Amino acid sequence: MKRFKVIAAAILVSGFMGGAVLADGGHDTPLPPKNDWTFAGPFGTFDKTQLQRGFKVYREVCSSCHSMGLVSFRNLAQPGGPGFTEGQVKALAASYKVKDGPNDAGEMFERDGRAADRWPSPFPNKQAAAAANGGAIPPDFSVIAKARSYSRGFPLFLVDMFTQYQEHGVDYITALLQGYSDDTHGVEVPAGKYYNTFYPGNVIAMPKPLNDGQVEYPKGADGRPQAPETVAQYSKDVSAFLMWAAEPKLEQRKETGFRVILFLIVLAGLFYFTKKKIWSRVEGHH
Amino acid sequence: MSGHSNYVPKSAFGRWFERRLPIMGLIHSSFVVFPNPRNLNYYWTFGGILAFMLVSQILTGVVLAMHYAANVDLAFNSVEQIMRDVNYGWMLRYLHANGASMFFVAVYVHIGRGLYYGSYKEPREVLWILGVIIFLLMMATAFMGYVLPWGQMSFWGATVITNLFSALPGVGETIVTYLWGGYSVGNSTLNRFFSLHYLLPFMIFGVVALHVWALHVPGSNNPAGIEKKTDKDTLPFHPYFTIKDAFALVCFVIFFSWFTFYIPNYLGHADNYIEANPAVTPAHIVPEWYFLPFYAILRAVPDKLLGVLAMFGSIAILVFLPWLDTSKVRSGAYRPAFRVFFWMFIANAIVLGWLGAKPPEGLYVIASRLCTAYYFAYFIVILPLLGKIERTLPVPASIAEAVLGPSGSGSAMAAGAASSPNSQG
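Everything numeric here is computed off the predicted structure, so don't read it as measured data.

The rules behind these values
- Residues numbered from 1 in each chain as written.
- Chains lettered and ligands numbered in written order.
- Predicted model: local features only at pLDDT ≥ 70, side-chain atom pairs only at ≥ 80, totals over all residues.
- Heavy atoms only, no water.
- Helix = DSSP H or I, 4+ residues; strand = E, 2+ residues; numbered from the N terminus.
- Rg over C-alpha atoms; globule rule 2.2 N^0.38 Å.
- Contact = heavy atoms within 4.5 Å.
- Buried area = accessible area lost by both parts, 1.4 Å probe.
- Salt bridge = Lys/Arg side-chain N within 4 Å of Asp/Glu carboxyl O.
- Polar contact = N/O pair within 3.5 Å; in protein donor to acceptor, adjacent residues only side chain to side chain.
- Nonpolar A, V, L, I, M, F, W, Y, C, P; charged D, E, K, R; others polar.
- 1 Å grid on protein atoms, 1.4 Å probe; cavity = no way out; pocket = protein on both sides within 12 Å on 5 of 7 lines; lining within 4 Å.
- Points joined across faces, edges and corners; volume = space filled by probe spheres on them.
- Buried < 20%, exposed > 50% of the residue type's maximum accessible area, 1.4 Å probe, protein only.
- Phe/Tyr/Trp six-rings, centres within 6.5 Å; stacked < 30°, edge-to-face > 60°.
- Lys NZ or Arg CZ within 6 Å of the ring centre and 35° of its normal.

Draft legend 1. Spatial organisation of the overall build of chain A. The number of helices and strands found in chain A is nine helices and four strands. The secondary structure elements of chain A, listed N-terminal to C-terminal, are α-α-α-β-β-α-α-α-α-β-β-α-α. Taken over the C-alpha trace, chain A has a radius of gyration of 24 Å; the compact-globule value for 286 residues is 19 Å, which it surpasses by more than 25%. Oriented by its inertia axes, the alpha-carbon framework of chain A measures out at about 85 × 55 × 50 Å.

See below:
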């Protein structure tokens, strides 16, 4: 009976806390399919080659409209990231021109990018971004993988607490990038807008960004690309890259968490037996 | 704080100091030899857990404040800077954000325990009311803290909640202007919320000191709901309850760590990773999970002013609870009919929380009204009447009897252990 009460209380509390996650339901788009991510779960780590491919997709396709203002070139060489070398990062940064200044003469000037520079924005300001994109500002990509989500509904959102499903954002982005279709399923799509199965409301301002074969992937030893050059693969790779951009300390967090929890479990065990020993002196307790 | 004050420091300096400031004696009498009911269960460990959470929130918060910039143009990015560029900044921030949720988990268990075992009843009314004040201060602190990252939910949550005060007749608009520091939620709002968010935890700390003081006058209530009478009913705080609290605390911190390290954004809202934009309203504006039941009560009432009054009333009514519950028996363990209504109350609160996350339309509104009605009926109708008509179970004569049964209560074991706490182990 006592155990039953504790379990009941646990279920009630978890249901209560999970209520918040239910918040944004209500649209009639299908749920994005779940993908297998190397960074999911308690021991998740990023696949460096996937991040490098995803970065290539971002750089060659997305970055022409989407800024990533919180990410610096140097981040690309940090541990737990795509694993570029410092030399590669310096060379990459130097291939961009960055506006700096004012100099001693009071003038703004252009110089080669450095590793410490932030990722350069495609547009000088929000107004320019809106003007170039039919009034819609392409969102910044720095934390987009955490800024997008979807509701899993009851009771899955409770299960997610235990299975550590946290990849709502990347699954949504992956689905969105593959969600374009010419068949609008009866949805009225105004000129200059596009139909997307997974976008809330189905009408999105972004044209289909990816096509098969658009981005060339590095070749393996056998001369074939290391991953298929398809929309499906591009979508996954760029989503993984965006997850890293949004949570560059993810690997460190999960590693630290494992050590912290292991330590705490041992400590709890020690305290449990100490408590048992101390309380064994008094009658009626165990 | 009461307790035997026969403490004599071992060192000469200690004795010299103690004559001038008897603080070690106070700590000794309050947290070492203090006689606690021997039958406390694990629900009684949440007071210590809450004290730990308060200190944890203050420590992580003080360091976060060293890196945070309270300005509408900088706030969002300064939080991201903490996540990316500050050493272990991600850990500090996730500990602090999830710590707020853990604080509320613990406080809801703590309040629920008080409701079940009648801890609010005579002679602990002031202790209980101080607890209600702490709860209110916690809510204010958490609300303002959620505004600081200046995400979309921060901004729109602040807009919705501060606007509630405008419903108050006469003074409403003035209050809202003072809360905002202007005529809309903006930079002045963010600045004053940051200032208050830093101030309020220390006010909580002060009221917690009063709460502990008021606790140590009668001592803890216990699952049997009867007062301690003899030494046989109690055990010294140390080592019996220090070790029990320590074990429970570590288990709680494991739970806390699970969220912090593995699912740090589970309890948050994705929209708060979008920088605040006064021109774009999110599809659903939802408060943090711990406010949802009260949010549901607010929206259950069709009139804005009455809704606001119902929401604040749902917390204010707790102040009067010691006089609303007419039962002579304190503990729910001996009140079978009460137990049914109590668990319905808990389930009702959880359903309210679920409804608070739903859009205010159709069946959700009707359900919210029914649940709001039960919430208030529990305090205003059920508890006053139930105490008069219910048939309670026989209450044990003493705490020792509750633990050992009528035959064993003559044993001097507890008293023996009390007199020699360091004799073993």
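Draft legend 2. Summary view of the interface of chain B and chain A. Opposite the 70 residues of chain B that make contact, chain A presents 61 residues. Between chain B and chain A lies a buried interface of about 5900 Å² when both sides are counted; carbon and sulfur atoms form 68% of it. Taken together, chain B and chain A are joined by one salt bridge. The partner of Asp85 of chain B in a salt bridge is Arg74 of chain A, with the nearest N and O atoms 3.2 Å apart. Run the count over chain B and chain A and you get 15 residue pairs in polar contact (both at pLDDT 80 or more). Counting residues per element, the ones that place at least two in the side of chain B that touches chain A are α4 (75-84), α5 (89-117), α10 (237-262), α11 (292-300), α13 (336-356), α15 (399-408) and α16 (413-419) of chain B. Per-class residue counts for the side of chain B that touches chain A are 51 nonpolar, 13 polar and six charged.

Draft legend 3. Quick look at empty space enclosed by the protein. If you walk through the whole model with that rule in mind, you get five cavities of 30 Å³ or more. Each pocket or cavity is described by its volume, and for the second largest cavity that value is around 90 Å³. Lining the second largest cavity are 13 residues, with Leu70, Val71 and Asn75 of chain A together with Arg84 and Asp85 of chain B positioned closest to its centre. The residue makeup of the lining of the second largest cavity, split by class, is four nonpolar, four polar and five charged.

Draft legend 4. Representation of the pattern of salt bridges. Residue and element names in this part refer to chain A. Under the counting rule described, the total for this entry stands at 17 salt bridges over all chains. Asp237 serves as the salt-bridge partner of Arg53, at 2.8 Å between the closest nitrogen and oxygen. Taken together, the residues span a long stretch of sequence, with Arg53 in helix α2 (residues 48-60) and Asp237 in helix α8 (residues 231-246) at a distance of 184 residues. Like Asp237, Arg53 is buried. Notably, a salt bridge pairs Arg253 with Glu247, separated by 2.9 Å at the nearest N-O pair. The exposure classification of Arg253 matches that of Glu247, with both residues buried.

Draft legend 5. Structural view of the packing of aromatic side chains. Inspection of every chain in the model, using the stated rule, returns 62 aromatic pairs over all chains. Taking the centre distance of 6.2 Å and the plane angle of 65° together, the rings of Phe259 of chain B and Tyr266 of chain B count as edge-to-face. Residues Phe259 of chain B and Tyr266 of chain B agree in their burial class; the two are buried. Through successive ring pairs, a cluster of aromatic residues spans Phe55, Tyr58, Phe73, Phe84, Tyr96, Trp119, Phe141, Phe241 and Trp244 of chain A. Positioned over the ring face of Tyr42 of chain B is Lys244 of chain B, at 4.8 Å from the centre of the ring.

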